[in-house]
Amino acid sequence: MSSKPVVLIAEELSPATVDALGPDFEIRHCNGADRAELLPAIAGVDAILVRSATKVDAEAIAAAKQLKVVARAGVGLDNVDVSAATKAGVMVVNAPTSNIVTAAELACGLLVATARHIPQANTALKNGEWKRSKYTGVELSEKVLGVVGLGRIGVLVAQRMSAFGMKIVAYDPYVQPARAAQMGVKLLTLDELLEVADFITVHLPKTPETLGLIGDEALHKVKPSVRIVNAARGGIVDEEALASALKEGRVAGAGLDVYAKEPCTDSPLFQFDQVVCTPHLGASTDEAQEKAGIAVAKSVRLALAGELVPDAVNVQGGVIAEDVRPGLPLAEKLGRIFTALSGEVAARLDVEVYGEITQHDVKVLELSALKGVFEDVVDETVSYVNAPLFAQERGVEVRLTTSSESPEHRNVVTVRGTLANGEEVAVSGTLAGPKHLQKIVAIGEHDVDLALADHMVVLRYEDRPGVVGAVGKILGEAGLNIAGMQVSRQDAGGEALVVLTVDDTIPQSVLSEIAEEIGATSARSVNLTD
């Protein structure tokens, strides 16, 4: 049996995908479109890489007991049950930017093709027919292009078609008019766009709100000379309504790359000579496939290493600012230290972030701390996906608090929890210097200043002479070397706290001996090794 994580490639992907995965994985292959082949093949794998033909639904996820990552080499996730994956603690990743240029270029190509009847004229000529007058088209210059959805692909289409001399208008309720104006685009309501556009191109995600958006009602508001392109998602343009509009002369032409049901080899739209159809080629370029394969391969490597994956769609945090990224391992270690100090799961957990770093989105630090909190609590592998689920299952209320003010340190992260008995446990840390040295700066009300280490001990006791010597003596006799030590107290003779970093794990018997010898009210060991 191989000890390497197993990655199942369920569809044909770029050879660069396997190269990007590297030698650390066992690679298997199957035909993901064949359910009888997919379900047994997925049973023992850690990750599966797919395109659009493989349905990774609840049934497939249930059959994959070891599955940690579903990677879609492309933008859409219509074929992945993200909800079922999240419930199972499975990360879902895609390649959101891999094919935006390719998809935009295809939309532009369909716009040109529908305006000039290029594929129809090509077919006629190859069939021995010279029909120049039949395929007279229209110019794009000075025409109004209505872009429905001004996201990344919509913007690229607008930019490219502007070069043809087209006037660009757009409908997108999530874009501010000032932002659109910067791009030379005028924002309109959908009804206004439908009324003025000579060409309409759709660039929206497929959601319950957008399904059938360009339907019968909308197609009664357009110019009879309009040409409609959908290279986004099937179903946004109602195909039956479009067929009726074409038949009745309410729409002059259409270009389609996507369909409500795919593969689509039979559609009422295919009977119209003025309709240009392609078989979902939006991402089908060598460059896009290579970009997508490399992107998801890198994501799989990160995910199986337990790292945060920026392109994961079911992970909080999103894109991570470069200034935030070094804080991820610190927050995770603080979470593990919190668990070691508390000895139980908190009823409420607060992740507090203070300092300059809060000018960025630091939600991901909460997630990282939560991952650390449960790392040594549950038997399952804890990921950035299922850590919030573990908290939810245990009734842990989790909150994130941020402030730009941090009087003593540039940035500080604190993991603070309230236990079932009302006791509060807290640990704070920071990153120091250009090398981002991880340091503990406080435990509860006690200030400390000590570099994090794999093996640590935290002792609470009544302050008195001789305690440090007694602790050193017991550790010395046990053959354990002290690497660092910090003693903190608020008042002489009051409660004192000592944090020790040692070279090896302290056996429980030695820790118990220390606690008894010094009369410790609390003695906890912290081990941050995997």
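Structural notes, computed from the coordinates. (Residues numbered from 1 in each chain as written. Predicted model: local features only at pLDDT ≥ 70, side-chain atom pairs only at ≥ 80, totals over all residues. Heavy atoms only, no water.)

## A few points about the side chain of histidine 446
Item 1. In this fold, histidine 446 is placed in strand E18 (residues 446–451).
Item 2. When its relative accessible area of 1% is taken as the criterion, histidine 446 is described as buried.
Item 3. Each residue touching histidine 446, except ones within four places of it in the same chain, is listed here: Val441, Arg460, Ser488, Arg489, Gln490, Glu495, Ala496 and Leu497. (Helix = DSSP H or I, 4+ residues; strand = E, 2+ residues; numbered from the N terminus. Buried < 20%, exposed > 50% of the residue type's maximum accessible area, 1.4 Å probe, protein only. Contact = heavy atoms within 4.5 Å.)

## Focus: the pairing of strand E9 (residues 199–202)
A regular strand places its side chains so that they alternate between the two faces of the sheet.
Item 1. Burial of the side chains of E9 extends over both faces: Phe199 and Thr201 are buried on one face and Ile200 and Val202 on the other.
Item 2. Two strands pair when backbone bridges link them, and strand E6 (residues 144–148) and E9 are joined in this way by 4 bridges, in the parallel orientation. Counted as the bridge partner of valine 148 is valine 202 from E9.
Item 3. Strand direction decides the pairing type here: E9 and strand E10 (residues 227–230), joined by 4 bridges, are parallel. Opposite phenylalanine 199, over in E10, you have arginine 227 as the bridge partner. (Pairing = 2+ DSSP bridges.)

## Looking at the sheet that holds strand E21 (residues 495–502)
Across a sheet, strands are paired by hydrogen bonds formed along the backbone, either parallel or antiparallel in direction.
Item 1. One open sheet accounts for 4 strands, arranged E20-E21-E19-E22; its pairing is antiparallel. With partners counted over all chains shown, the strands left at the sheet margins are strand E20 (482–489) and strand E22 (522–527), one partner each. Between one strand axis and the next, the sheet turns by 15 degrees as a mean value, whatever way the strands run.
Item 2. Here 6 bridges tie strand E19 (residues 455–462) to E22, and the two strands are oriented antiparallel to one another. Looking across to E22, one finds that histidine 455 is bridged to asparagine 527.
Item 3. Where helix H17 (residues 508–518) meets the sheet, it contacts E19 and E22, and its direction lies at approximately 20 degrees from that of E19. (Axes fitted to C-alpha atoms, helices over the stretch in contact; angles between N-to-C directions.)

## Observations concerning the pattern of salt bridges
Item 1. According to the stated counting rule, one finds 26 salt bridges in the structure shown.
Item 2. Between lysine 221 and aspartate 191 there is a salt bridge, and its shortest N-O distance comes to 2.8 Å. Residue lysine 221 is found in the loop between helix H10 (216–219) and E10, and its partner aspartate 191 is found in helix H9 (residues 190–196); the two are separated by 30 residues along the sequence.
Item 3. The exposure class of aspartate 191 is partly exposed, given its relative accessible area of 35%.
Item 4. Note that glutamate 424 is salt-bridged to arginine 416, the shortest N-O span being 3.1 Å.
Item 5. Among the residues examined, glutamate 424 registers a relative accessible area of 48% and is labelled partly exposed. (Salt bridge = Lys/Arg side-chain N within 4 Å of Asp/Glu carboxyl O.)

## Points about a nonpolar patch on the surface
Item 1. Taken together, the side chains of Val468, Met485 and Val487 define a hydrophobic patch exposed on the protein surface, amounting to about 200 Å² of accessible area.
Item 2. Tracing the backbone shows methionine 485 in strand E20. (Patch = residues over 30% accessible without salt bridge, like charges linked within 9 Å, V, L, I, M, F, W, Y side chains within 5 Å. Areas by Shrake-Rupley, 256 points an atom, 1.4 Å probe, with all protein chains shown as cover.)

## Points about the packing of helix H5 (residues 100–116) against helix H7 (residues 152–162)
Item 1. Where H5 contacts H7, the axes come no closer than 9 Å and their chain directions differ by 50 degrees. Viewed along their axes, H5 and H7 adopt a mutual orientation that is oblique. Classified by chirality, the crossing of H7 by H5 is right-handed. Seen from H5, the contacting residues are Ile100, Val101, Ala103, Ala104, Glu105, Ala107, Cys108 and Leu111; seen from H7, they are Arg152, Ile153, Leu156, Val157, Arg160 and Met161. (Parallel < 35°, antiparallel > 145°, perpendicular 65-115°, else oblique. Left-handed = near helix turned anticlockwise from the far one by under 90°.)

## Quick notes on the nonpolar core
Nonpolar side chains in soluble globular proteins generally cluster together in the buried interior.
Item 1. Grouped together as the largest cluster of nonpolar side chains are 46 residues, with contacts concentrated most on Ile337, Leu365 and Phe374.
Item 2. When near neighbours in sequence (up to four residues on either side) are disregarded, isoleucine 337 contacts Val427, Ile440, Leu452, Met456, Val526 and Leu528.
Item 3. Among the nonpolar cores identified, the runner-up in size contains 33 residues, and Val226, Ala241, Ala245 and Leu269 belong to it. (Core = buried A, V, L, I, M, F, W, Y, C linked by side-chain atoms within 4.5 Å.)

## Section: the packing of aromatic side chains
Item 1. All told, the structure shown has 2 aromatic pairs when counted by the stated rule.
Item 2. Here the aromatic rings of phenylalanine 374 and phenylalanine 390 are separated by 6.1 Å at their centres, their planes lie at 40 degrees, and the arrangement is tilted. Taken together, the positions of phenylalanine 374 in helix H14 (residues 363–375) and phenylalanine 390 in helix H15 (residues 387–393) put the pair 16 residues apart, joining distant regions of the chain.
Item 3. Residue classification places phenylalanine 374 among the buried positions, given a relative accessible area of 1%. (Phe/Tyr/Trp six-rings, centres within 6.5 Å; stacked < 30°, edge-to-face > 60°.)

## What about a negative patch on the surface?
Item 1. A cluster of acidic residues, Asp19, Glu105, Asp286, Glu287 and Glu290, forms a negative patch at the surface.
Item 2. Relative to the elements of secondary structure, glutamate 105 occurs in helix H5. (Lys, Arg positive; Asp, Glu negative; His and termini not counted. Charge placed at Lys NZ, Arg CZ, Asp CG, Glu CD.)

## Looking at the state of the cysteines
Item 1. Under the counting rule described, the total for this entry stands at 0 disulfides.
Item 2. Unpaired in terms of disulfides, cysteine 108 finds its nearest cysteine sulfur in cysteine 277, a separation of 18 Å.
Item 3. This cysteine, cysteine 264, is not joined by any disulfide, and cysteine 277 carries the nearest cysteine sulfur, 7.8 Å off. (Disulfide = S-S within 2.5 Å.)

## Let's talk about the packing of helix H13 (residues 327–342) against H14
Item 1. Their axes nearest at 6 Å, the elements H13 and H14 cross at an angle of 40 degrees. Viewed along their axes, H13 and H14 adopt a mutual orientation that is oblique. Between H13 and H14 lies a crossing of right-handed hand. The segment H13 lies against H14, with Gly327, Leu328, Ala331, Glu332, Gly335, Arg336, Phe338 and Thr339 engaging Val364, Leu365, Ser368, Ala369, Lys371, Gly372, Val373 and Glu375.
Item 2. In the contact of H13 with H14, the residues fall into 7 nonpolar, 5 polar and 4 charged. (Nonpolar A, V, L, I, M, F, W, Y, C, P; charged D, E, K, R; others polar.)

## Observations regarding the environment of valine 378
Item 1. Position of valine 378 among the secondary structure elements: in the loop between H14 and H15.
Item 2. Judged by its relative accessible area of 9%, valine 378 is buried.
Item 3. Taking C-alpha positions, valine 378 is 42 Å from glutamate 287, a pair spaced 91 residues apart along the chain.

## Considerations on the sheet that holds strand E5 (residues 91–94)
Item 1. Sheet architecture is open: 5 strands sit in the order E2-E1-E3-E4-E5, paired in parallel fashion. Of all strands in the sheet, those with a lone pairing partner are strand E2 (26–29) and E5, marking the two edges. Across the sheet, the mean angle separating the axes of adjacent strands is 20 degrees when strand polarity is ignored.
Item 2. Bridge count for strand E1 (residues 6–9) against E2 is 4 bridges, and the pairing is parallel. Paired with isoleucine 9 across the two strands is histidine 29, which belongs to E2.

That's the geometry; what it means functionally is another story.
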